Amino acid sequence: MSDASLTSAQSPAQANEAGFGDYFALLKPRVMTLVVFTAFVGLIAAPTAVHPIVGFAAILFIAVGGGASGALNMWWDADIDAVMKRTARRPIPAGKVTGDEAFAIGMTLTAFSVVMLALATNFVAAGLLAFTIFFYVVIYTMWLKRWTPQNIVIGGAAGAFPPMIGWAAATGGISVESVLMFALIFMWTPPHFWALALFTKMDYDNAEVPMLTVTHGRPSTRRHILVYTVLLAALAIGLGFTSIGGPLYLAVALYLNARFLKGAVEIWRRDETMAEADKYLAERRFFKASLLYLFAHFGAIAAEALLTSLGWGLW
Amino acid sequence: MALSRQHEMHKRRFSRNLGLGLVLVAFVALVFGLTIAKVSDDNFAMPTEEEAS
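Rules used in this analysis
Residues numbered from 1 in each chain as written. Chains lettered and ligands numbered in written order. Predicted model: local features only at pLDDT ≥ 70, side-chain atom pairs only at ≥ 80, totals over all residues. Heavy atoms only, no water. Helix = DSSP H or I, 4+ residues; strand = E, 2+ residues; numbered from the N terminus. Buried < 20%, exposed > 50% of the residue type's maximum accessible area, 1.4 Å probe, protein only. Contact = heavy atoms within 4.5 Å. Lys, Arg positive; Asp, Glu negative; His and termini not counted. Charge placed at Lys NZ, Arg CZ, Asp CG, Glu CD. 1 Å grid on protein atoms, 1.4 Å probe; cavity = no way out; pocket = protein on both sides within 12 Å on 5 of 7 lines; lining within 4 Å. Points joined across faces, edges and corners; volume = space filled by probe spheres on them. Nonpolar A, V, L, I, M, F, W, Y, C, P; charged D, E, K, R; others polar. Phe/Tyr/Trp six-rings, centres within 6.5 Å; stacked < 30°, edge-to-face > 60°. Salt bridge = Lys/Arg side-chain N within 4 Å of Asp/Glu carboxyl O. Polar contact = N/O pair within 3.5 Å; in protein donor to acceptor, adjacent residues only side chain to side chain. Core = buried A, V, L, I, M, F, W, Y, C linked by side-chain atoms within 4.5 Å. Domains from an automatic or database assignment. Buried area = accessible area lost by both parts, 1.4 Å probe.

**Overview of the overall build of chain A**
At step 1: Helices and strands together make up the secondary structure of chain A, namely 17 helices and 0 strands.
At step 2: Across its three principal directions, the C-alpha atoms of chain A cover 75 × 55 × 30 Å.
At step 3: Of all 315 residues assigned to chain A, the portion counted as buried reaches 52%.
At step 4: For chain A, restricting intrachain contacts to residue pairs at least 6 apart in sequence, the fraction spanning at least 24 positions comes to 74%.
At step 5: Charged side chains in chain A number 21 positive and 19 negative. The centres of these two groups are separated by 9 Å.

**Examining the layout of surface pockets**
At step 1: Each pocket or cavity is described by its volume, and for the second largest pocket that value is around 830 Å³.
At step 2: Forming the boundary of the second largest pocket are 21 residues, of which Phe20, Leu27 and Leu109 of chain A together with Leu20 and Val23 of chain B lie nearest the centre.
At step 3: Listing elements by their share of the lining of the second largest pocket, those giving two or more residues are α3 (20–25), α5 (52–76) and α7 (99–120) of chain A together with α1 (8–39) of chain B.
At step 4: Ranked by residues supplied to the lining of the second largest pocket, first place goes to α1 of chain B with 7 residues.
At step 5: Residue composition of the lining of the second largest pocket, grouped by class: 19 nonpolar, 1 polar and 1 charged.

**Digging into the packing of aromatic side chains**
Residues and elements named next belong to chain A.
At step 1: Applying the stated criterion across every chain yields a total of 16 aromatic pairs over all chains.
At step 2: Taking the centre distance of 5.0 Å and the plane angle of 25° together, the rings of Phe37 and Phe295 count as stacked. Here Phe37, found in helix α4 (residues 29–45), pairs with Phe295, found in helix α17 (residues 281–309); they are 258 residues apart in sequence, far enough to count as distant.
At step 3: The interplanar angle of 50° and the centroid separation of 4.9 Å between the aromatic rings of Phe161 and Phe182 together place this pair among those described as tilted. With Phe161 in the loop between α9 (151–160) and α10 (162–171) and Phe182 in helix α11 (residues 176–199), this residue pair connects regions lying 21 residues apart in the sequence.
At step 4: By the ring-pair criterion, three or more aromatic residues cluster together here, those being Phe131, Phe134, Phe135, Phe161, Phe182 and Phe186.

**Re the interface of chain A and chain B**
At step 1: In this complex, chain A contributes 25 residues to the contact, which on the side of chain B involves 20 residues.
At step 2: Across the contact surface, chain A and chain B share 0 salt bridges.
At step 3: There are 2 residue pairs in polar contact (both at pLDDT 80 or more) connecting chain A and chain B.
At step 4: For the side of chain A that touches chain B, the elements supplying multiple residues, two or more each, are α1 (3–7), α2 (12–15), α3, α5 and α7 of chain A.
At step 5: Counting residues per element, the side of chain A that touches chain B draws most heavily on α5 of chain A, at 6 residues.
At step 6: For the side of chain A that touches chain B, the residue count by class is 16 nonpolar, 7 polar and 2 charged.

**Concerning the side chain of Arg218 of chain A**
At step 1: In this fold, Arg218 of chain A is placed in helix α14 (residues 218–239).
At step 2: Polar contacts involving the side chain of Arg218 of chain A include one to the main-chain carbonyl oxygen of Leu198 of chain A, which spans 2.7 Å.

**Topic: the nonpolar core**
Residue and element names in this part refer to chain A.
At step 1: Grouped together as the largest cluster of nonpolar side chains are 87 residues, with contacts concentrated most on Phe61, Leu117, Ile165, Ile225, Tyr249, Phe298 and Ile301.
At step 2: Residue assignment places this core across two domains, with domain 1 (19–172) and domain 2 (175–315) each supplying three or more.
At step 3: Discounting residues that sit within four places of it in the chain, Ile165 has contacts with Ile62, Leu117, Ala125, Leu128, Leu129 and Thr132.
At step 4: By size, the runner-up hydrophobic cluster in this structure holds 12 residues, among which are Leu27, Met74, Ile92 and Val97.

**A look at the pattern of salt bridges**
All names here are of chain A.
At step 1: According to the stated counting rule, one finds 10 salt bridges over all chains in the structure shown.
At step 2: Two residues, Arg285 and Glu266, come together in a salt bridge whose shortest N-O distance is 3.3 Å. Here Arg285 is found in helix α17, whereas its partner Glu266 is found in helix α15 (residues 247–269), with 19 residues between them in sequence.
At step 3: Classification of Arg285 by relative accessible area gives partly exposed; the value is 46%.
At step 4: Given the relative accessible area of 31%, Glu266 is considered partly exposed.
At step 5: The partner of Asp278 in a salt bridge is Arg270, with the nearest N and O atoms 2.8 Å apart.
At step 6: The exposure class of Asp278 is partly exposed, given its relative accessible area of 30%.
At step 7: Sharing partners across several salt bridges, the network here consists of Arg218, Arg222, Arg270, Glu272, Asp278 and Glu283.

**So, the domain arrangement of chain A**
Residues and elements named next belong to chain A.
At step 1: Splitting chain A by domain gives domain 1 (19–172) and domain 2 (175–315).
At step 2: In this complex, domain 1 contributes 30 residues to the contact, which on the side of domain 2 involves 33 residues.
At step 3: With both sides pooled, the region where domain 1 packs onto domain 2 buries about 2700 Å², and carbon together with sulfur makes up 79% of that total.
At step 4: Applying the counting criterion to the domain 1 and domain 2 interface returns 1 residue pair in polar contact (both at pLDDT 80 or more).
At step 5: Top element by residues in the side of domain 1 that touches domain 2 is α9. It accounts for 8 residues.
At step 6: Of the residues in the side of domain 1 that touches domain 2, the class split is 19 nonpolar, 7 polar and 4 charged.

Below, the structure is given as structure tokens:
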């Protein structure tokens, strides 16, 4: 290499060369926080004690598996990401990482996370993790997302698996409690994303993703949010009466579901004129509240597990 | 300009290499920790000669 090659202006490829953070961004770190947290709660809520290092490794490999599916999702959806404002700065549309690199990283991390989870814990947990990645990448990303307005409803299942995997890592199996934790996230996902779709409608329009707002209209989306929130509330409160629930969880669930239902009714009663007048304030508030909703419910399950381990559990 | 001068591109490559290096070191430490956790488990038993063959 000559001096000249260093002193001359960088080529576009060099100027856009990815740093470590760009590769990390492929793993969707924000989604990963939800995966880590819910998988952790599934693990500690389980009635079987796990060695702390094994527990840590299990959560880490579940997170890596989640990250791998994020990278594969970005590989497949690069065309959609490029036209949506919310996703245009992701590493592939930004030109930092190539699609092939994302695919290679995604596939490698998938194999790595599943094999390591099997070695660290058991085959049930590893099998569930493999199925989750398959479901998210093939069933949701490649098939449902561009085909049906129910994409979020069915695709939401992928994000709902982590507490089940955490539970399976500890117990080696599946139970009513772990299925209920799955159902809680599964029912929470549609109202969460439909609220987002209400105030980012143009994005999904431009990308030609058949979101409910695009295919069925906004009044229908508002009705859907209300119906799902009612079902979610029944499920969330019902979970309080199982072995992983308790009075603390029930108090949190009653308060948050009352607030969430109020928000859903507010969204249902509004029309576009009202929403545009205050720049979708109620929809934005509902979306923000939905994040707290999920973290608080799983936080309460974790707190109940802690109380039980201290001998203070009431049921 | 001397070849040794630190270019912005080199910094980015260094951050990438350092990141990967740290991830690998952490992985080695984790596998070591897992091994210790597994062999100190009450249910751990060395495989018999028949199982090993």
